[in-house]
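Each chain, letter by letter, is given below.
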Amino acid sequence: MGDIMKTSSFALTEAKYVAGDNIKHVVLENVREASLKVRSRQENVAGVKLPKFEYTNDGEVNKNDLTGLARGGQQVQQCRAAYIKAIEVLVELASLQTSFLTLDEAIKTTNRRVNALENVVKPRLENTISYIKGELDELEREDFFRLKKIQGYKKREIEKQMQSAKLFVEEQVAEKLALQRGISLNNAQNILSATAQKDEDIIF
Amino acid sequence: MANRAQIPTKSSALIAMIADEDTVVGFLLAGVGNVDIRRKTNYLIVDSKTTVKQIEDAFKEFTTREDIAIVLISQYVANMIRFLVDSYNKPVPAILEIPSKDHPYDPAHDSVLSRVKYLFSTESVASGRR
């Protein structure tokens, strides 16, 4: 960019030298409407809207045609051409600069978002996950424990039933004995239980 | 992405200039000058008699005007209002520092480059321009 500006300044100096210093005033007086304008468009790059400048020559050449009539007309034209080229380069530079700044901001916002996600959202979610896992494990353990207890109960129930069934069978046998020997039930039971011990009344 | 600045898509936007006389004359010759009905121009010629306040006012006016897309400012003029230029952070209009005849371009003072360096250090400046 520096080189182009140097060339155009040089061209201007030449024009001034040839056409006399007065072109300045002529030019200043003659400013009406800008014939060089820029168009700004938006380009979408990777989701970021970037501005882009385009340079348009609006056609009507300025009324500077009187500038060079006295002398140095060609130099003035050359100078004008040099400056127009300079403007083209400058417009492109401006466009790059704005895209640059916009991208810079976009990068910063994205960085901020990444940081927020990493340091805030993730730990929270992880906490929730571990809490849920813990609860599920605990419920499972409770279930397991309950199951074991119920099994224990059932076992005891079965044992009780077996015992009562045995008692019942013994009583039945005692009844039979009583019927056979014609003694009372009580004596029958005593006989049954006494077969294990020696009765004093019986001598031998 | 809701707070993205509005970038106008205009079909005709002007180029403003704040520079010394020779540069401005050259650009006017090329045709970027515009005087509207209220006699407002889009350029400001800075010479030894212009006060800093005038330059500041012109800068503020150019950056708030809706129809100006680029502001070209000579680097030594930019140095005079460095704080204003540095605190300006809208994407449009784009502020471009140009060298003048007596002051060659000095990238160390360019507000954009130095700001990028300050904000971001390593990569951007190295990979970016020039």
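Up top you'll find the structure we're talking about.
The model shown is predicted, which means the values in this text are computed figures rather than measured ones. (Residues numbered from 1 in each chain as written. Chains lettered and ligands numbered in written order. Predicted model: local features only at pLDDT ≥ 70, side-chain atom pairs only at ≥ 80, totals over all residues. Heavy atoms only, no water.)

A. Up close: the overall build of chain B. On a plain count of helices and strands, chain B comes out with six helices and four strands. The secondary structure elements of chain B, listed N-terminal to C-terminal, are β-α-β-α-β-α-α-β-α-α. With 130 residues in all, chain B has 52% of them scored as buried. When contacts within chain B are restricted to residue pairs at least 6 apart in sequence, long-range pairs at least 24 apart make up 64% of them. Total accessible area on chain B is roughly 6500 Å²; 54% of this is exposed by carbon and sulfur atoms. (Helix = DSSP H or I, 4+ residues; strand = E, 2+ residues; numbered from the N terminus. Buried < 20%, exposed > 50% of the residue type's maximum accessible area, 1.4 Å probe, protein only. Contact = heavy atoms within 4.5 Å. Areas by Shrake-Rupley, 256 points an atom, 1.4 Å probe, with all protein chains shown as cover.)

B. Representation of the overall build of chain A. Counting its secondary structure elements, chain A contains four helices and two strands. The order of α-helices and β-strands along chain A, N terminus first, is α-α-β-β-α-α. With 204 residues in all, chain A has 27% of them scored as buried. Pairs at least 24 residues apart make up 56% of the contacts formed inside chain A by residues separated by at least 6 positions. Only carbon and sulfur atoms are counted for the fraction: they give 56% of the accessible area of chain A, which is about 15300 Å².

C. Fine view of the pattern of salt bridges. Evaluation of the coordinates by the stated rule reveals four salt bridges over all chains. The salt bridge involving B:Arg65 is made with B:Glu61; its shortest N-O contact spans 3.8 Å. Overall, the relative accessible area of 31% leaves B:Glu61 in the partly exposed class. Several salt bridges share partner residues, and in doing so they unite A:Glu142, A:Asp143 and A:Arg146 into one network. (Salt bridge = Lys/Arg side-chain N within 4 Å of Asp/Glu carboxyl O.)

D. Just the side chain of B:Thr63, in detail. All names here are of chain B. Note on placement: Thr-63 falls in helix 2 (residues 52–64). Reaching out from Thr-63, the side chain makes a polar contact with the backbone oxygen of Lys-60 at a distance of 3.0 Å. Excluding anything up to four places from it in sequence, Thr-63 contacts Tyr-88, Lys-90, Pro-93 and Ile-95. (Polar contact = N/O pair within 3.5 Å; in protein donor to acceptor, adjacent residues only side chain to side chain.)

E. Structural context of the sheet that holds strand 2 (residues 43–45) of chain B. The four strands are arranged 2-1-3-4 (chain B) in an open sheet whose pairing can be described as parallel. Looking at which strands have only one partner, the edges of the open sheet turn out to be strand 2 and strand 4 (94–98) of chain B. Looking at each pair of strands side by side, their axes are set apart by 20° on average, direction ignored. Summarising the sheet, strand 1 (residues 14–19) of chain B and strand 3 (residues 68–74) of chain B pair through five bridges and their orientation is parallel. Each residue of the ladder has a partner; that of B:Met17, found in strand 3 of chain B, is B:Leu72. Its contacts with the sheet place helix 3 (residues 73–181) of chain A against strand 1, strand 3 and strand 4 of chain B, and it is angled at close to 130° to strand 4 of chain B. (Pairing = 2+ DSSP bridges. Axes fitted to C-alpha atoms, helices over the stretch in contact; angles between N-to-C directions.)

F. Inspection of the pairing of strand 4 of chain B at higher detail. Residues and elements named next belong to chain B. For strand 4, the tally of buried residues reaches five of five residues, placing the bulk of the element in the interior. Both faces of strand 4 are covered, namely the face carrying Ala-94, Leu-96 and Ile-98 and the face carrying Ile-95 and Glu-97. When strand 3 meets strand 4, the two strands line up parallel, connected through five bridges. What sits directly across from Ile-70, in strand 4, is Ala-94.

G. Expanded view of a nonpolar patch on the surface. A contiguous nonpolar patch, built from A:Leu117, A:Val120, A:Val121 and A:Leu125 and spanning about 320 Å² of accessible area, is present on the exposed surface. By the secondary structure assignment, A:Leu117 is in helix 3. (Patch = residues over 30% accessible without salt bridge, like charges linked within 9 Å, V, L, I, M, F, W, Y side chains within 5 Å.)

H. Layout of the packing of helix 3 of chain A against helix 1 (residues 21–30) of chain B. Between helix 3 of chain A and helix 1 of chain B, the least distance of the axes is 8 Å, while the angle of their chain directions is 95°. By the criterion of interaxial angle, the relationship of helix 3 of chain A to helix 1 of chain B is roughly perpendicular. Of helix 1 of chain B, the residues touching helix 3 of chain A (which contributes A:Val76, A:Cys79, A:Arg80, A:Tyr83, A:Ile84, A:Ile87 and A:Leu90) are B:Asp22, B:Thr23, B:Gly26, B:Phe27, B:Leu29 and B:Ala30. Class assignment of the residues belonging to the contact of helix 3 of chain A with helix 1 of chain B gives a composition of nine nonpolar, two polar and two charged. (Parallel < 35°, antiparallel > 145°, perpendicular 65-115°, else oblique. Nonpolar A, V, L, I, M, F, W, Y, C, P; charged D, E, K, R; others polar.)

I. Region of interest: the side chain of A:Thr102. Its place among the elements puts A:Thr102 in helix 3. Within the structure, A:Thr102 has its side chain in polar contact with the backbone oxygen of A:Thr98 (distance 2.5 Å).

Treat this as a map of the structure, not an account of what it does.
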